[in-house]
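Each chain, letter by letter, is given below.
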Amino acid sequence: MKIFETKAAPNPRRVRMFMAEKGLLEKAEFIEIDLQKGENLTPEYVARNPMKKVPVMELDDGTCIAETMAICRYFEESYPDAPTLLGDTPIEKATIEQWVRWLEFYFFLPTGMCFQHTSGYFKDRMNPIQEWGEDCGKSVSKFMNFLNDHLADREYICCDRMTAADINAFTTVAFAKVVQIRILPEQTHLQAWYDRIKSRPSAQA
């Protein structure tokens, strides 16, 4: 199988970390897509993903699956004997899904909007609104305060173990540095958690 990605982008990193935690990195060939050059806008790429985003997984039979969590779900279901990251029991699955949704809507999305609307990276193909990007940045900072409080007495985001929620949160914190949003000195619980996740081999995937 092939995974079309931009290695520096956060969504592909989420997939690689997920696969690394499950010991599955060797299962796919990773193909780099240059977003700034518009390689995701070519007819060949659009045929794989009409949303024109990365990553996209192409199976050996030609089936293409886009969206980060959809790709992660494929690996979770296809390799159930590998460590589970989306939950074992109904309550674990529901709890992780809750956190994945919170992290995507209230943390990852505003981080992405802050980047897109303040960096000028995609100014050739969108209409950046500086004020909107800056407001999204404020939302990111508020959510990091929330995470810091949540992690005061926890080693992981939920379920007392490493899950997809930790991967999604970790990659978003790392990505936020691009828009100059970093863990504050007083956010000691968030920093300790970040350091724990960063020490895992998957963080280097």
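Residues numbered from 1 in each chain as written. Predicted model: local features only at pLDDT ≥ 70, side-chain atom pairs only at ≥ 80, totals over all residues. Heavy atoms only, no water.

Help me understand the pattern of salt bridges, please; the structure alone is not making it clear to me.
Opposite charge on two side chains permits pairing when their charged atoms draw close. For the structure shown, the criterion picks out nine salt bridges. We note a salt bridge from Glu-76 to Lys-22, for which the minimum N-O separation is 3.0 Å. Of this pair, Glu-76 sits in helix H3 (residues 68–78) while Lys-22 is found in the loop between helix H1 (10–21) and strand S2 (29–32), placing the two residues 54 residues apart along the sequence. You can call Glu-76 buried: its relative accessible area is 6%. Of the residues examined, Lys-22 reaches a relative accessible area of 5% and is grouped as buried. Asp-153 serves as the salt-bridge partner of Arg-154, at 3.2 Å between the closest nitrogen and oxygen. For Arg-154, a relative accessible area of 36% gives the class partly exposed. Its relative accessible area of 64% is what places Asp-153 among the exposed residues. Linked by salt bridges that have partners in common, Asp-88, Glu-92 and Arg-161 make up one network. (Salt bridge = Lys/Arg side-chain N within 4 Å of Asp/Glu carboxyl O. Helix = DSSP H or I, 4+ residues; strand = E, 2+ residues; numbered from the N terminus. Buried < 20%, exposed > 50% of the residue type's maximum accessible area, 1.4 Å probe, protein only.)

I would appreciate a short explanation of the state of the cysteines in the present structure.
Linking two cysteines covalently via their sulfur atoms produces the bond known as a disulfide. One pass over the full model with this rule turns up zero disulfides. Left unpaired, Cys-64 is separated from the closest cysteine sulfur, that of Cys-72, by 17 Å. When its relative accessible area of 26% is taken as the criterion, Cys-64 is described as partly exposed. With no disulfide of its own, Cys-114 has Cys-136 as its nearest cysteine by sulfur position, at a separation of 6.9 Å. Given the relative accessible area of 5%, Cys-114 is considered buried. (Disulfide = S-S within 2.5 Å.)

Got a minute to help me understand helix H7 (residues 188–198) in this structure?
For an α-helix, 3.6 residues make a turn, and residues three or four places apart therefore share a direction. Within the span of H7, buried status applies to Leu-190, Trp-193, Tyr-194 and Ile-197. Seen along its axis, H7 keeps its buried residues to an arc of 100°; they face one direction. On its buried face, H7 sits against H1, helix H5 (130–150) and helix H6 (164–176). (Arc of directions from axis to C-beta. Contact = heavy atoms within 4.5 Å.)

Is there a simple way to explain the side chain of Asn-148 in this structure?
Note that Asn-148 resides in helix H5. Within polar-contact distance, the side chain of Asn-148 engages the backbone nitrogen of His-189 at 3.0 Å. Sequence-distant contacts of Asn-148, defined by excluding residues within four places in its chain, comprise Glu-186, Gln-187, Thr-188, His-189 and Leu-190. (Polar contact = N/O pair within 3.5 Å; in protein donor to acceptor, adjacent residues only side chain to side chain.)

What exactly am I supposed to notice about the nonpolar core here?
Most often, soluble globular proteins keep nonpolar side chains buried together rather than apart. Among the nonpolar cores identified, the biggest contains 58 residues, and Phe-75, Ile-157 and Trp-193 are the most heavily contacted of them. Sorting the residues of this core by element identifies strand S1 (2–5), H1, strand S3 (56–58), H3, helix H4 (90–118), H5, H6 and H7 as the ones contributing at least two each. Those residues within four positions of Trp-193 in sequence are excluded, and the remaining contacts are Leu-151, Glu-155, Tyr-156, Ile-157, Asp-166, Ala-169, Phe-170 and Val-173. (Core = buried A, V, L, I, M, F, W, Y, C linked by side-chain atoms within 4.5 Å.)

Just to check I follow, could you spell out the environment of Tyr-106 for this structure?
Looking at where Tyr-106 falls in the secondary structure, it is placed in helix H4. In sequence terms Tyr-106 and Ser-139 are 33 residues apart; their C-alpha atoms lie 7.5 Å from each other. The contacts of Tyr-106, once residues within four sequence positions are left out, are Ser-139 and Phe-143.

For this particular structure, what's the right way to read the sheet that holds S3?
Adjacent strands of a sheet pair through backbone hydrogen bonds, lying either parallel or antiparallel. A sheet is described by the order of its strands in space; here four strands give the open sequence S2-S1-S3-S4, paired in mixed fashion. Looking at strand neighbours, the two that pair on one side only are S2 and strand S4 (64–66), the edges of this open sheet. In this sheet, adjacent strand axes meet at a mean angle of 20° when their direction is disregarded. The pairing of S3 with S4 spans three bridges and is classified as antiparallel. The residue of S4 that forms the bridge with Met-57 is Ile-65. Sheet strands in contact with H1 are S1 and S2, and its direction is about 145° off that of S1. (Pairing = 2+ DSSP bridges. Axes fitted to C-alpha atoms, helices over the stretch in contact; angles between N-to-C directions.)

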